[in-house]
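Geometric and topological summary
Single-letter residue listing:
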Amino acid sequence: ILAGDEKFGKSLMAIDLCLGVATGTHFMGSRECKKGDAYYVSIEDPERRVKARILQQRDDWPDTFHMSTSVEGPDIKTLVEVFDDIVINYPNTRLIVVDVLNHVTPENQKSTISDYQFTNKFLQPLQKWSNSNHVALVMITHKRKESISNGDNPFNGIMGSKAIASAADTLIMVAINYAKKDMLKNDQTLPDGFLYIKGREMGREDFALEFDAEALKWVFAHEKQSKEIGNLNWLMITDSLKTQKRTRKEISEVTKINRATVKTCIWRMKKKGLLDEDQDGKIYIPGYKYNEPKADRW
């Protein structure tokens, strides 16, 4: 279960996770993922918006990243069947993300069953399905609007937390650092948010987060210089610069990547310090030793 503040960027985090699995690269900049198919059920955001976020984070949409914007009905049996269909269609699926949980949860229409029992009865089959099929199932939900005091258990903020905690293998809570706005003038190093994780097999871990606005993703604090070297376009551009410095036009001609994409990639790679530009407008790899052309002896 992934829960967090409203408008915190939970969907951006979920897309980054799906991309990390789909490409076998990194999540949140530095956490390595094993490659496999990822399926993202985006009920609140249309495909157009998800695609824009994918292109902002990685510049391309990998074939192993699949998505839909709806599921068939709120019935638990139907939902499990949907997951079965996903695994049948994509046998290498390692991850399914549902954004958000309340859109697929049926209503409790029986007054004889408490909400705790109802929620637990809904989630238990999903937890068993995830374990039996060896597929990570991430259900995104919201945080309760009531404020949580300092020192309180952060997981108490998860909507319906008691029932969810009894069924889920792992609870993940993300929270905005509201104190940063008032204290920013005094301390520029304050994190943008916090990540709390509690699981049956992993214990309890807490992290400070920063938001990388350029890459449109969350990263662990003090790790903005991430291990991630980008997608295939980034690698092709880097390879083209290992023989000589090139202009954007020359890079586009060599790599067969359109000019607009080359321009965007170079801008992002320069921001991360992966590339630089000389006074002649030629792009190069910082610290790389180029064989300078010999001067004409005549």
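Residues numbered from 1 in each chain as written. Predicted model: local features only at pLDDT ≥ 70, side-chain atom pairs only at ≥ 80, totals over all residues. Heavy atoms only, no water.

So, the pairing of strand 11 (residues 217–220)
Burial of strand 11 is two-sided: the residues Lys217 and Val219 facing one way and the residues Trp218 and Phe220 facing the other way are all buried. When strand 10 (residues 203–212) meets strand 11, the two strands line up antiparallel, connected through four bridges. Of the residues in strand 11, the one forming a bridge with Glu210 is Val219. (Buried < 20%, exposed > 50% of the residue type's maximum accessible area, 1.4 Å probe, protein only. Helix = DSSP H or I, 4+ residues; strand = E, 2+ residues; numbered from the N terminus. Pairing = 2+ DSSP bridges.)

Points about the packing of aromatic side chains
According to the stated counting rule, one finds nine aromatic pairs in the structure shown. Ring centres of Trp61 and Phe65 lie 5.9 Å apart, and the angle between their planes is 85 degrees; this geometry places the pair in the edge-to-face category. Here Phe65 falls in the buried class, since its relative accessible area comes to 3%. By way of ring pairs, the aromatic residues Phe8, Phe211 and Trp218 are connected into one cluster. Sitting over the ring of Phe220, Arg31 keeps its end group 3.9 Å from the ring centre. (Phe/Tyr/Trp six-rings, centres within 6.5 Å; stacked < 30°, edge-to-face > 60°. Lys NZ or Arg CZ within 6 Å of the ring centre and 35° of its normal.)

Section: the packing of helix 1 (residues 10–23) against helix 2 (residues 47–58)
At a minimum axis distance of 10 Å, the contact between helix 1 and helix 2 shows a crossing angle of 60 degrees. Here the hand of the crossing between helix 1 and helix 2 comes out right-handed. Contacts from Ser11, Leu12, Ile15, Asp16, Leu19, Gly20 and Thr23 in helix 1 reach Val50, Arg53, Ile54, Gln57 and Arg58 in helix 2. Of the residues in the contact of helix 1 with helix 2, the class split is five nonpolar, four polar and three charged. (Axes fitted to C-alpha atoms, helices over the stretch in contact; angles between N-to-C directions. Left-handed = near helix turned anticlockwise from the far one by under 90°. Contact = heavy atoms within 4.5 Å. Nonpolar A, V, L, I, M, F, W, Y, C, P; charged D, E, K, R; others polar.)

Here we look at the pattern of salt bridges
Scanning all chains against the criterion turns up ten salt bridges. Note that Asp206 is salt-bridged to Arg204, the shortest N-O span being 2.7 Å. Judged by relative accessible area, Asp206 falls into the partly exposed class, the value being 45%. What makes Arg204 partly exposed here is its relative accessible area of 43%. Arg248 is paired through a salt bridge with Glu277; the nearest N and O atoms lie 3.0 Å apart. (Salt bridge = Lys/Arg side-chain N within 4 Å of Asp/Glu carboxyl O.)

Some remarks on helix 1
Spanning 14 residues, helix 1 covers 20 Å between terminal C-alpha atoms, matching the ideal 20 Å at 1.5 Å per step. Summarising burial for helix 1: 13 of the 14 residues are buried, a large majority. (Expected span 1.5 Å × (residues − 1).)

Remarks on the sheet that holds strand 6 (residues 93–99)
In space, the nine strands of this open sheet follow the order 5-4-6-7-1-8-9-10-11, with mixed pairing throughout. Since the sheet does not close on itself, it has two edges, and those belong to strand 5 (65–68) and strand 11, each with one partner. Averaged over all neighbouring strand pairs, the angle between strand axes comes to 25 degrees, with direction disregarded. Where strand 1 (residues 2–4) lies against strand 7 (residues 136–142), three bridges are found, and the strand directions are parallel. Bridge pairing in strand 7 links Leu2 to Ile140. Packed onto the sheet, helix 1 meets strand 1, strand 4 (37–42), strand 5, strand 6, strand 7, strand 8 (170–176), strand 10 and strand 11 and runs at close to 160 degrees relative to strand 4.

Comments concerning the side chain of Ser68
Relative to the assigned elements, Ser68 resides in strand 5. Looking at Ser68, its side chain comes within polar contact range of the side chain of Tyr39, at 3.4 Å. (Polar contact = N/O pair within 3.5 Å; in protein donor to acceptor, adjacent residues only side chain to side chain.)

Describing helix 2
Helix length check: helix 2, at twelve residues, gives a terminal C-alpha distance of 16 Å against a target of 16 Å (1.5 Å per residue), a fit within 8%. Val50, Arg53, Ile54, Gln57 and Arg58 are the residues of helix 2 that are buried. With its buried residues spanning 105 degrees around the axis, helix 2 presents them on a single face. Residues of helix 2 that are buried sit in contact with helix 1, strand 2 (26–27), strand 4, strand 5, strand 11 and helix 9 (259–271). Looking one or two residues beyond helix 2, the residue adopting positive phi is Asp59, at roughly 75 degrees. (Arc of directions from axis to C-beta.)

Points about the layout of surface pockets
Estimates place the volume of the largest pocket at around 1300 Å³. Elements represented by at least two residues in the lining of the largest pocket include exactly helix 1, strand 3 (31–32), strand 6, helix 4 (115–133), strand 7, strand 8, strand 9 (193–199) and strand 10. In terms of residues, the lining of the largest pocket owes the most to one element, helix 4, which gives five residues. In the lining of the largest pocket, the residues fall into 25 nonpolar, five polar and eight charged. (1 Å grid on protein atoms, 1.4 Å probe; cavity = no way out; pocket = protein on both sides within 12 Å on 5 of 7 lines; lining within 4 Å. Points joined across faces, edges and corners; volume = space filled by probe spheres on them.)

Read these as layout, nothing more, since geometry by itself doesn't imply function.
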